[in-house]
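# Chain and residue survey
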Amino acid sequence: QSVLTQPPSASGTPGQRVTISCSGTTSNIGNNYVFWYQQFPGTAPKLLIYNYNQRPSGVPDRFSGSHSGTSASLAISGLRSEDEAHYYCAAWDDNLSSPVFGGGTRLTVL
Amino acid sequence: EVQLVESAGGLVEPGGSLRLSCEPSGLRIINAWLSWVRQAPGKGLEWVGRIKSEADGGTRDYAAPVKGRFIISRDDSKNTLYLQMNSLRTDDTAIYYCTTVLVGSRWGFHLWGRGTLVSVSS
């Protein structure tokens with residue numbers, strides 16, 4: 001069981017806005033930055049969002065991150081078929097003294 | 001373009017050992033903090049451990065499941081990161097990724113290798 005909680009699946013239609021949630025506690029999300037990763041089948045994860053809402057160069061501004069208290073969210077606007085992938089949140093956990101991940105959310109574009 | 005390339009994994013019997021290496025191209029690791037992350041087949045991501053740069057003390061930290069069995073090291077002269085895995089168990093079966101740590105972060109996984117599969121089975 002993962003320390004951070006994500007819904008196992010999410011879906012949307014092309015052009016729609018979809019959000020993926022990531023729930024934690026004060027020892028992780030509530031007190032530390034959240035990162036988001038995108039992973040296509042058979043490939044390595046890719047950094048999508050860091051420090052709650054910052055995008056590395058090359059990541060489209062359709063992807064955005066936010067957080068409130070002990071939860072964080074990844075929003076994808078203008079959904080495209082190529083966004084179909086797994087998405088993982090991650091944060092440092094002060095109690096475990098290690099980074100922890102969510103279980104991942106499989107995004108389907110209908 | 002920076003690429004991280006892990007050495008080939010393989011099939012190991014329970015209790016056995018295996019050493020992985022990771023050699024980035026297009027990046028000198030001397031000032032980089034580096035991590036290993038693994039992913040069991042069909043499962044989520046799990047942090048394995050991290051090594052800081054020598055300038056920052058070269059400190060190594062490990063996840064609880066691998067502490068005392070795995071050793072992360074680096075050879076900056078060879079621009080290579082290593083993961084020595086001992087006393088391997090079946091639940092160590094996973095794809096192992098080497099990653100760079102985002103500058104300014106203490107752990108954030110930035111650039112990832114393609115990964116290499118380690119299978120532990122009799």
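What counts, and where the lines are drawn
Residues numbered from 1 in each chain as written. Chains lettered and ligands numbered in written order. Predicted model: local features only at pLDDT ≥ 70, side-chain atom pairs only at ≥ 80, totals over all residues. Heavy atoms only, no water. Pairing = 2+ DSSP bridges. Helix = DSSP H or I, 4+ residues; strand = E, 2+ residues; numbered from the N terminus. Axes fitted to C-alpha atoms, helices over the stretch in contact; angles between N-to-C directions. Salt bridge = Lys/Arg side-chain N within 4 Å of Asp/Glu carboxyl O. Buried < 20%, exposed > 50% of the residue type's maximum accessible area, 1.4 Å probe, protein only.

## Regarding the sheet that holds strand S1 (residues 3-6) of chain B
Residues and elements named next belong to chain B. Sheet architecture is open: four strands sit in the order S1-S3-S8-S7, paired in antiparallel fashion. What marks the edges here is a single partner per strand, and that holds for S1 and strand S7 (70-75). Strand-to-strand, the axes of this sheet are offset by a mean angle of 20°, without reference to chain direction. Bridge count for strand S3 (residues 18-25) against strand S8 (residues 80-85) is five bridges, and the pairing is antiparallel. Looking at S8, one finds that Leu18 is bridged to Met85.

## Topic: the pattern of salt bridges
Side-chain pairing between opposite charges can occur once the charged atoms of the two side chains come close. Residue and element names in this part refer to chain B. Scanning all chains against the criterion turns up nine salt bridges over all chains. Between Asp92 and Arg38 there is a salt bridge; the shortest N-O distance is 2.8 Å. Of this pair, Asp92 sits in the loop between S8 and strand S9 (94-101) while Arg38 sits in strand S4 (residues 34-39), placing them 54 residues apart in sequence. With respect to burial, Asp92 and Arg38 carry one shared label: buried. The partner of Arg89 in a salt bridge is Asp91, with the nearest N and O atoms 3.3 Å apart.

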